[in-house]
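Survey of secondary and tertiary structure
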Amino acid sequence: MSFRISRVAAALAVLGSGGMAPLAAADGAAGSAADQSAESSTVIVRESRVQPIPVASQVGDETMQTLRPSTSDTASLLRGVPGVQMREAGGVSSLPVLRGLADDRNRIVVDGMDLISSCPNHMNPPLSYLDPTGVGKLRVVAGVTPVSIGGDSIGGTIIAESLAPRFASPGEPVLASAEIGAFYRSNGNARGGNLSAGIANDNLSASFSAAIAKADNYTAGGNFKNFDATGNPGHTLARDEVGSSAYEARNYQVALAYRQREQLVEFKYAYQDIPEQLFPNQRMDMLGNTQNRFNLRYLGEFDWGQLEARAYYETVDHLMDFGPDKRFYYGMASGTGYPCSPISATCAAGMPMKTESRNTGVTVRADVNLGASDLLRVGGLYQHYWLDDSWPPSGSGMWPQTFENINDGTRDRLAIFGEWESRLDARWTTLLGLRYERVTTDAGPVQGYDPNMNFMGMGMMRMYSNQQADAAAFNAQDRRKTDNNWDLTALARYAADAQTDLEFGVARKTRSPNLYERYTWSTWSMAAVMNNLVGDGNGYYGNVDLNPEVAYTVSASVDWHAADRSWRVKATPYYTRVNDYIDAIRCSNRTTCAPPNATTTNQFVVLQYANQSAELYGIDLSGELPLAATRFGDFALNGVISYTYGKNLDTGDGLYNIMPFNARLVLTERVGGWDNALEFVGASAKNHLSDVRNEIGTPGYGLVNLRTSYSWKQARIDFGVENLFDKLYYLPLGGAYTGQGTTMMLNGVPWGIAVPGVGRSIYAGVSFKL
């Protein structure tokens, strides 16, 4: 049965769950009609018979408003969510890490679409396609994840939705709205703006939004390197300047929606253009990325429950080459990096790398009411993903033909799931789900720059590239692989009393390798360093025979809170065992990988992806506490503390890029229209490292941030200072600094420098609503 409630009542329902919206969505993060139409004065919802579990960690509207002026990276809006860390990369492209598991190990859904990073360095992850000002909802479920929102992942699920359509109330005049905003950040001279406009009656809604962001290189809190050369004669960088950290991004979206009683049809078209995004932890830079995405959705409410269907199509055209802070010209004719022409066997002008992808998907799901206390979720999806990654000839060693990194790669998913959620009595709620996925991957035959040679000339240097032998070995393999993956989740919640909730669960989750893990093929160090998904400065090549990763996770949560949730403390310990964890082993090819590659501890190396076993465990603590209500304002304290440990059980090595013990504590004050905060962010030293990668450790640090805002009915101003004391610190998950110099060569840049964080930055933002 469905019924109508006011927008105020919907908001109270969310607040009653502690500010975290219950997770009622399945494939595509559907949410209820109330979620999707929250901006209308009247909404349609399914009667809530069961409190869904687990409760998703949701980034609130106020939190997003507060953070937007300080970042152009949508993923960083998750910085205060328990269990979530950021693997820093480009200015708009950091990768979320959920309890030690990052990138493709997490399912990231944008407006119901499973987007895939189409780049050998994963420079364009799913959340990079949303500007922070265009995010309507952002939710996370880490660890034990319902099968209805999981699949092809072992870490967790992140659900991002752009702004929902707005409708006028029946019988009221046409609703028109507009918003405009701008920001400036002193460090890196970052600036940008956004605008949106919409018009609607009670049945039809149309809207448009646009956002731009641009920044120069940022500076650290002090000198972090002892050199200033870039490899380009006449161009140097200050020793506190983080090379290759500039960016420019433009995002646009048009949305149309039609609503008739309990039925909603919605279409969104979005376009992104990134003319430049430089990367301080990669050998290459993004010098072009355009995305088109088309998204059609139906949502209907019926007496028996809810039905949702979606179809989407996405195109990506991606270009990488050396940006202004990395040496561009190579070969004998260029000497030490001077411009030369035309491209030839003695003159190389950059090293262009082009990636194209096409992503088509269909999802269907239904929520079926089985009774007053039971809900059945069923659904499925089909996804076809095609990728072509080729490197046109540019001269010298990259000559005379096109290097085919991945030729005609495909990755197809077919999935079905069923999930039963039940309220056994007033205290017990349970969830049990089963999911099956069939993942099929394939790739065509490949060739190197010179298919007839294993010996390459390059300037004054000559090297074995092994391209002919590597390509022949790859082409001789059976490259079509089919994985039959099963996921199982069991969860239970027990309300012990009005102030204590217990939640515990177990899960088996499976992820198949991505195309770069399976189908990159060259052991040649110069090609391998261009295939790096993790930003550690090393080179990687694939393994056609990789098995899917299978993770077994157990976790429990204890949530203590006031009856009115004015204060709360939550603790979540967890343990994950991963069979066939995709880690790395040193290259053992003595032709292309010199003997030091196997033993060196202070250089970059070439590695191959390999299945091993791993474990991760840790605990997340979070809480909030009102301190005092005075004539000077309402004071409160909130915070998150996290610890994760990861180990390769086959080698005893540490897992790569595991965040050390860290904390974030915020003291807030609210008085009138003012909202002020003093924030402390800190982490201990990172010294449990991945030795096979020669991972770079980082010292501990503590930072202080300040922020304030003032809100009127239709306007808001923000002001803040990040890293108040301009402290020099290094990003534990930032990888190796390769932001300047002769980055084409494996060890042409110094090893042992971690990417530093941003020094003091003063920012301001303003927004107006009409």
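Residues numbered from 1 in each chain as written. Predicted model: local features only at pLDDT ≥ 70, side-chain atom pairs only at ≥ 80, totals over all residues. Heavy atoms only, no water.

What about the sheet that holds strand E4 (residues 84-87)?
An order of E4-E5-E6 is seen for the three strands of this open sheet, with the pairing classed as antiparallel. Two strands close off the open sheet at either side, each with one partner strand: E4 and strand E6 (101-102). When E4 meets strand E5 (residues 95-98), the two strands line up antiparallel, connected through four bridges. Bridge pairing in E5 links Met 86 to Pro 96. (Pairing = 2+ DSSP bridges. Helix = DSSP H or I, 4+ residues; strand = E, 2+ residues; numbered from the N terminus.)

What about the pattern of salt bridges?
Tallied over the full model, the rule gives 41 salt bridges. The partner of Arg 565 in a salt bridge is Asp 501, and the shortest N-O contact between them spans 3.2 Å. Of this pair, Arg 565 sits in the loop between strand E29 (549-561) and strand E30 (568-586) while Asp 501 sits in strand E27 (residues 500-511), and the two are 64 residues apart along the sequence. Using a relative accessible area of 23% as the deciding quantity, one classes Arg 565 as partly exposed. Among the ionic contacts, a cluster of salt bridges with common partners joins Arg 107, Asp 114, Asp 152, Arg 411, Arg 413, Arg 435 and Glu 437. (Salt bridge = Lys/Arg side-chain N within 4 Å of Asp/Glu carboxyl O. Buried < 20%, exposed > 50% of the residue type's maximum accessible area, 1.4 Å probe, protein only.)

Focus on the nonpolar core
With 83 residues, the main nonpolar core has Met 284, Met 351, Trp 391, Met 530 and Met 744 as its most contacted residues. Ignoring sequence-local partners within four residues, the contact set of Met 284 consists of Asn 121, Met 123, Phe 279, Met 320, Asp 321, Phe 322, Lys 326, Met 351, Met 353 and Met 530. Grouped together as the second largest cluster of nonpolar side chains are 25 residues, Ala 75, Leu 78, Val 110 and Leu 127 included. (Core = buried A, V, L, I, M, F, W, Y, C linked by side-chain atoms within 4.5 Å. Contact = heavy atoms within 4.5 Å.)

Considering the side chain of Gln 272
With respect to the helices, strands and loops of the structure, Gln 272 is situated in strand E15 (residues 263-277). Here the side chain of Gln 272 touches Asn 251 through a polar contact of 3.1 Å, side chain to side chain. Discounting chain neighbours no more than four positions away, the residues touching Gln 272 are Ser 128, Tyr 129, Arg 250, Asn 251, Asn 289, Thr 290 and Gln 291. (Polar contact = N/O pair within 3.5 Å; in protein donor to acceptor, adjacent residues only side chain to side chain.)

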